[in-house]
Amino acid sequence: DEKKFSDKINIASTSGSSRISHSKEAIKASFLDSLFYGIGRVPALATPNDRYTALALTIRDRIFQQFILTTESISKQDARAVAYLSAEYLPGPHLANNLLNLEITAQTREAMEELGIELDDLIAIEEEPGLGNGGLGRLASCYLDSLATLGIPAIAYGIRYEFGIFDQVIKDGWQVELTDKWLHYGNPWEVVRPEIAYEVKFGGRTEHGADSNGKFQVTWVPGSEVKGTAYDTPILGYKGNGAVLRLWRAEAIESFDFAAFNLGDYYRAVEAKMLSENITKVLYPNDQAQGGKELRLKQQYFFVTCSLQDIIRLHLIQGRNLERLHEKFAIQLNDTHPAIAIAELMRLLVDVHQLDWAKAWHITQNCFAYTNHTLLPEALEKWSIPLFEKVLPRHLEIIYEINHRFLEEIRHQHSYNNAQIAGMSIIDESGERYIRMAHLATIGSHSVNGVSAMHSELLKKEVLHDFAGLWPDKFCNVTNGITPRRFLYLSNTPLAELISSYIGNGWITDLDQLRKLEPYADDVSFQNSWMEIKLNNKQHLAALLQKQTGIEIDPAMLFDIQAKRIHEYKRQHLKVLHILSVYLRLKKGELINFSPSAFIFAGKAAPGYIMAKLLIKLINSVADLVNQDTEVNDKMKVVFMPDFNVKNAQNLYPAADLSEQISMAGMEASGTGNMKFSLNGALTIGTLDGANVEIRQEVGEDNFFLFGLSVEQVQANKTAGYQPYDIYQQNQHLREVLDFIVSGALSQGDTQLFRPLYENLLYQDPFMLLADYQSYIDCQEQVHELWREPKEWARKSILNVARMGKFSSDRSIRDYSDLIWKVTPINKK
Ligand code: TH1
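Scoring rules and cut-offs
- Residues numbered from 1 in each chain as written.
- Predicted model: local features only at pLDDT ≥ 70, side-chain atom pairs only at ≥ 80, totals over all residues.
- Heavy atoms only, no water.
- Helix = DSSP H or I, 4+ residues; strand = E, 2+ residues; numbered from the N terminus.
- Rg over C-alpha atoms; globule rule 2.2 N^0.38 Å.
- Buried < 20%, exposed > 50% of the residue type's maximum accessible area, 1.4 Å probe, protein only.
- Contact = heavy atoms within 4.5 Å.
- Areas by Shrake-Rupley, 256 points an atom, 1.4 Å probe, with all protein chains shown as cover.
- Lys, Arg positive; Asp, Glu negative; His and termini not counted.
- Charge placed at Lys NZ, Arg CZ, Asp CG, Glu CD.
- Domains from an automatic or database assignment.
- Buried area = accessible area lost by both parts, 1.4 Å probe.
- Salt bridge = Lys/Arg side-chain N within 4 Å of Asp/Glu carboxyl O.
- Polar contact = N/O pair within 3.5 Å; in protein donor to acceptor, adjacent residues only side chain to side chain.
- Disulfide = S-S within 2.5 Å.
- 1 Å grid on protein atoms, 1.4 Å probe; cavity = no way out; pocket = protein on both sides within 12 Å on 5 of 7 lines; lining within 4 Å.
- Points joined across faces, edges and corners; volume = space filled by probe spheres on them.
- Nonpolar A, V, L, I, M, F, W, Y, C, P; charged D, E, K, R; others polar.
- Near = heavy atom within 4 Å.
- Sits in = over half its atoms within 2 Å of the grid points.
- Pairing = 2+ DSSP bridges.
- Axes fitted to C-alpha atoms, helices over the stretch in contact; angles between N-to-C directions.
- Patch = residues over 30% accessible without salt bridge, like charges linked within 9 Å, V, L, I, M, F, W, Y side chains within 5 Å.
- Phe/Tyr/Trp six-rings, centres within 6.5 Å; stacked < 30°, edge-to-face > 60°.
- Lys NZ or Arg CZ within 6 Å of the ring centre and 35° of its normal.
- Core = buried A, V, L, I, M, F, W, Y, C linked by side-chain atoms within 4.5 Å.
- Right-handed = clockwise from strand over helix to strand, strands pointing away.

## Points about the overall build of the protein
Helix and strand counts for the protein come out as 35 helices and 22 strands. The globule rule puts the C-alpha radius of gyration for 829 residues at 28 Å, and the 28 Å found for the protein is close to it. Considering the protein as a whole, with its 829 residues, one finds that 60% of them fall into the buried category. Long-range contacts, defined here as pairs at least 24 residues apart, represent 76% of the contacts in the protein between residues at least 6 apart. Surface exposure of the protein reaches about 32,100 Å², of which carbon and sulfur atoms provide 51%. Side-chain charges in the protein split into 84 positive and 103 negative, and the spacing between the mean points of these groups amounts to 4 Å.

This is the structure:
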């Protein structure tokens, strides 16, 4: 029957139908169809959300139509595909991006207008999927955009968290977390695939013995089981090709808790079923600090096994031999969150598909590649053995076996000594025993990469030093990148259009073409148009901030912005020290040349990170003081923009004059916000950290405000026994600023509130704010000197954008494709 059906239906002719065309009339007709037949509404009764949903469905139809072409050419060409495994994604709002990629924004706007609907109103009500914490999740989404745009066959796997990252509101200066409700009104972009579902086992025990044919066999007898169901979101690349974001949702199966089920204990069985669905309930809201939580391990294993079972199914339905899995799939591990995949693929190949160990190991190593995103010790994942054994008993055995073989190899073939062997073992036995996930990922992959040139070097020097010595060729660098579609064309359309009017629009898919802007850097009329757009963007942001916070800022001010996760290593408090230093000097009548500035912050703090939350309170307290003070508030304003997410970020980057990238050298693996600001014409004030190093190299030393210690200096300082208190005593101005924080002036006389922060800086200062303070203050003076020369500023701003080509995620994906995945784009007919 199925054969007949597929013979009769010619997809190409269906997709060529007039209903699905991209004309204004067709969009209008589809919209009304979607409203009526898709969600059962008549126009007169349609709510704004109904209209949004109807338009989303209208656009989704057109995306699927594009996808048919991609899918057909992939299966024809039998191309090697990429499977990207990530616990986090931050796609941002879909509607406007999809319109842009389909190139139908104009006619859609007109179609809506003719129906009396404002397109921007519909765009504004979309709730973005906040399925990630920050840079790591957004990077995965930029990469998916580039994979789709370049036409590389790809499927991105992850978790369909019911509650994504919390919404941040500010109450009395403090962060308050509200649960995310992204699915509250439904999600028109996804399609559930109930028939694509896999069983996931947990706990129980293993049985070792011969099967009926006398073959040695391990059987995992689980304690519980859930089902993972696929939810697909089509991701459209620019002008056509597509990729799929396949997210797994945990669902109960009938016989979830075997013990309860067998006893006929109905209520306990139902309760157990409910609990099983908790696995995909909520995203852990910690950036780079995981606390060994059982549910987190279950989340990781859950999405990994579903993804690997799916990959194997896709491979086998093509009639291919499992022994050639690595020839058809390159599987990228986005940090160690999916690293359990190494053991799981071994289990599937050996226990389930009966391959012998050596063959399975060859396939596994050749499938996987691992990206490390951080050197922070608290972010290096480790699982205590008892917890791990309780959840994944079979995987513990497999990891022991992998480790045993690896240690034998280095002991005998490479003559490593006991100390080196203990240092490289997957098991940390220095105290309580742990599994080191970075070691598992490194040993089980054929490639390991860092995310900026500097980070990749440090990775080889520090965290994975001995592995780099053992396998020098396994290590490489792929510097992060960002998609110019969302982060320039979509979020700063006026600038994009100005650029295109001078150099054509080739830059959208070939960002190096921005170099053609260089000759116009000195062109006064180009400079004027450039700065006029910036001013407009600042007006737009000022209006938004006024709506969100009630604080008014003058768009003519210098917009000095730091937007990223709140973390001590990122040093938002260094920026606060600078602001207070400006404030105190203005109060004394100094700094007569100071140009009026708006200091803008945005970022979420992990709910359990006390110091980060205190930092938010500090910023808002400084804001209260400064913004009310009529002696200074025409020269400075401080604003904390609540709820930093992709949508808000798209309003920040285009409006920035100055981008703050001020982490302590050696701490930020790459950063990607640094790229987004610079691509939108902000100048950077920054340290030699992460990708800042490469940004400075590209834009030129003269077009980047550098300050602070280098990594080498940071390390030398630490070795020498860093004494922040000495700096405090020697620098009178710094002392005034720090003492002001605990003077009570920021906290209605309360001298205790900010004391923990103050004492931490004076006596510990793990991120060396005090060491970099004066250098930062002096550098800010240079910023203000340049700001007084608008033409010079405009020139440098233009040069920054012109030289950002390297930081396109298209370049990153080409690097991954050439260096690691060995995949090539499909040629769409
Ligand atoms: C970030 C890094 O801090 C940042 O420098 C980098 O640009 C970004 O990844 C993309 O490569 C990381 N985010 C996380 C989040 C978790 C664990 C580790 C990292 S590293 C949960």
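## Considerations on the domain arrangement of the protein
Here the protein is partitioned into domain 1 (1-77 + 99-126), domain 2 (78-92 + 128-479 + 816-821) and domain 3 (484-807). Note on domain 1 versus domain 2: buried area summed over both sides is about 1,900 Å², and carbon and sulfur give 62% of it. On the domain 1 side of the contact with domain 2, Arg 60, Phe 67 and Asn 101 bury the most area, a combined 30% of that side's loss. In this structure, Glu 103 engages Lys 239 in a salt bridge whose closest nitrogen and oxygen atoms are separated by 3.8 Å. Scanning the region where domain 1 abuts domain 2 turns up five residue pairs in polar contact (both at pLDDT 80 or more). Elements supplying a minimum of two residues to the side of domain 1 that touches domain 2: helix H4 (48-77) and helix H5 (95-102).

## Overview of the state of the cysteines
Scanning the model with the defined rule gives zero disulfides in all. The closest cysteine sulfur to the non-disulfide-bonded Cys 367 is located on Cys 476, 17 Å from its own sulfur. Exposure remark for Cys 476: the relative accessible area of 22% places this residue in the partly exposed category.

## A look at the layout of surface pockets
Here the second largest pocket is characterised by a volume of approximately 1,000 Å³. Around the second largest pocket sit 31 residues that line it, and Asp 120, Ile 123, Leu 490, His 540 and Asn 651 are the ones nearest its centre. Broken down by secondary-structure element, the contributors of at least two residues to the lining of the second largest pocket are H5, helix H6 (105-114), helix H7 (119-125), helix H21 (484-490), helix H22 (493-503), helix H23 (524-549) and helix H26 (646-652). Here the lining of the second largest pocket gets six residues from one element, more than from any other, and that element is H23. By residue class, the composition of the lining of the second largest pocket is 13 nonpolar, eleven polar and seven charged. Counting residues domain by domain, the lining of the second largest pocket receives three or more from each of domain 1 (1-77 + 99-126) and domain 3 (484-807).

## Section: empty space enclosed by the protein
Counted by the stated rule, this structure contains seven cavities of 30 Å³ or more. What the largest cavity holds in volume is close to 780 Å³. If you go around the largest cavity, you meet 45 residues; those closest to its centre are Asn 133, Gly 134, Gly 135, Leu 136 and Asp 287. Counting residues per element, the ones that place at least two in the lining of the largest cavity are helix H8 (135-150), H26 and helix H27 (673-679). Of the residues assigned to the lining of the largest cavity, the class counts are 15 nonpolar, 18 polar and twelve charged. The volume enclosed by the second largest cavity comes to roughly 160 Å³. Residue lining of the second largest cavity: 16 residues in total, with Pro 91, Asn 97, Ser 141, Ile 235 and Arg 486 positioned closest to the centre. Contributions of two or more residues to the lining of the second largest cavity are made by H5, H8 and strand E8 (224-236). Examining the composition of the lining of the second largest cavity, we find that four residues originate from one element, H8, more than from any other.

## Regarding the site of the ligand
Around the ligand, a shell composed of 18 residues is seen, among which Gln 288, His 373, Asn 480, Glu 668 and Gly 671 lie nearest. Alone, the ligand offers 480 Å² of accessible surface; in the complex the protein occludes 97% of this. More than half of the atoms of the ligand fall within 2 Å of the grid points belonging to the largest cavity. Across the shell around the ligand, the residue classes tally to five nonpolar, ten polar and three charged.

## Let's talk about the sheet that holds strand E13 (residues 427-428)
An order of E12-E14-E13 is seen for the three strands of this open sheet, with the pairing classed as antiparallel. Strands with a single pairing partner mark the edges of an open sheet, and in this sheet they are strand E12 (382-384) and E13. Docked against the sheet, helix H18 (residues 437-444) engages E12 and strand E14 (434-436), running at close to 45 degrees with respect to E14.

## Let's talk about the sheet that holds strand E17 (residues 558-563)
Strands pair in a sheet through their backbones, by hydrogen bonds, and they do so in one of two ways: parallel or antiparallel. If you walk across this open sheet you meet the six strands as E19-E18-E17-E20-E21-E22, and the pairing is parallel. Each edge of the open sheet carries a strand with a single partner, namely strand E19 (636-641) and strand E22 (705-706). Pairing geometry for strand E20 (residues 658-661) and strand E21 (residues 683-686), over four bridges, is parallel. Pairing of Gln 661 across the sheet is with Gly 686, part of E21. Lying on the sheet, helix H25 (residues 610-628) is in contact with strand E18 (597-602) and E19; it crosses E19 at an angle near 145 degrees.

## Regarding the pattern of salt bridges
Considering all chains together, one arrives at 50 salt bridges under this definition. With a closest N to O distance of 2.7 Å, Glu 114 and Lys 24 form a salt bridge. On the criterion of sequence distance, the pair formed by Glu 114 in helix H6 and Lys 24 in helix H3 (residues 24-38) is long-range, its members being 90 residues apart. Measuring nitrogen to oxygen at the nearest pair gives 2.8 Å for the salt bridge that ties Arg 485 to Asp 145.

## Description of the side chain of His 784
Mapped onto the elements of the fold, His 784 is located in helix H33 (residues 769-787). What makes His 784 buried here is its relative accessible area of 6%. If sequence neighbours within four positions are ignored, His 784 has contacts with Leu 558, Phe 594, Ser 595 and Ser 597.

## Structural notes on a negative patch on the surface
Taken together, the side chains of Glu 110, Glu 113, Glu 118 and Asp 121 make up a negatively charged region of the molecular surface. Here Glu 118 shows up in the loop between H6 and H7. For Glu 118, a relative accessible area of 36% puts it in the partly exposed group.

## Here we look at the packing of aromatic side chains
Within the structure shown, the criterion is met by 26 aromatic pairs. Taking 5.5 Å as the distance between ring centres and 10 degrees as the angle between the ring planes, the aromatic pair formed by Tyr 725 and Tyr 763 counts as stacked. Of this pair, Tyr 725 sits in helix H30 (residues 724-730) while Tyr 763 sits in helix H32 (residues 755-764); the two residues are 38 residues apart in sequence, bridging distant segments of the chain. Linked through ring pairs, Tyr 84, Tyr 143, Tyr 816 and Trp 821 together constitute an aromatic cluster. Its guanidinium or amino end placed over the ring of Tyr 231, Arg 160 lies 4.1 Å from that ring's centre, counting from NZ or CZ. The aromatic ring of Phe 202 is capped on one face by Lys 298, whose charged end is 5.4 Å from the ring centroid.

## Re the nonpolar core
Counting 189 residues, the largest nonpolar core has Phe 302, Ile 402 and Leu 738 as the members making the most contacts within it. Among the elements that line this core, the one with the most residues is H25, at ten residues. The residues that make up this core include at least three from each of domain 2 (78-92 + 128-479 + 816-821) and domain 3 (484-807). Setting aside chain neighbours within four positions, we find Phe 302 in contact with Val 200, Phe 202, Val 226, Lys 227, Gly 228, Trp 248, Arg 249, Ala 250, Ile 279 and Thr 280.

## Considering the pairing of E17
Across the six residues of E17, six count as buried, placing the element largely inside the fold. Going residue by residue along E17, you find Leu 558, Asp 560 and Gln 562 tucked away on one face and Phe 559, Ile 561 and Ala 563 tucked away on the opposite face as well. Judged from the six bridges that link them, E17 and E18 form a sheet pairing that is parallel. Within E18, the residue paired with Ala 563 across the bridge is Ala 602. Where the polypeptide runs from E17 across helix H24 (residues 572-587) and back to E18, its parallel neighbour, the crossover connection is right-handed. With two bridges connecting them, E17 and E20 associate as parallel partners.

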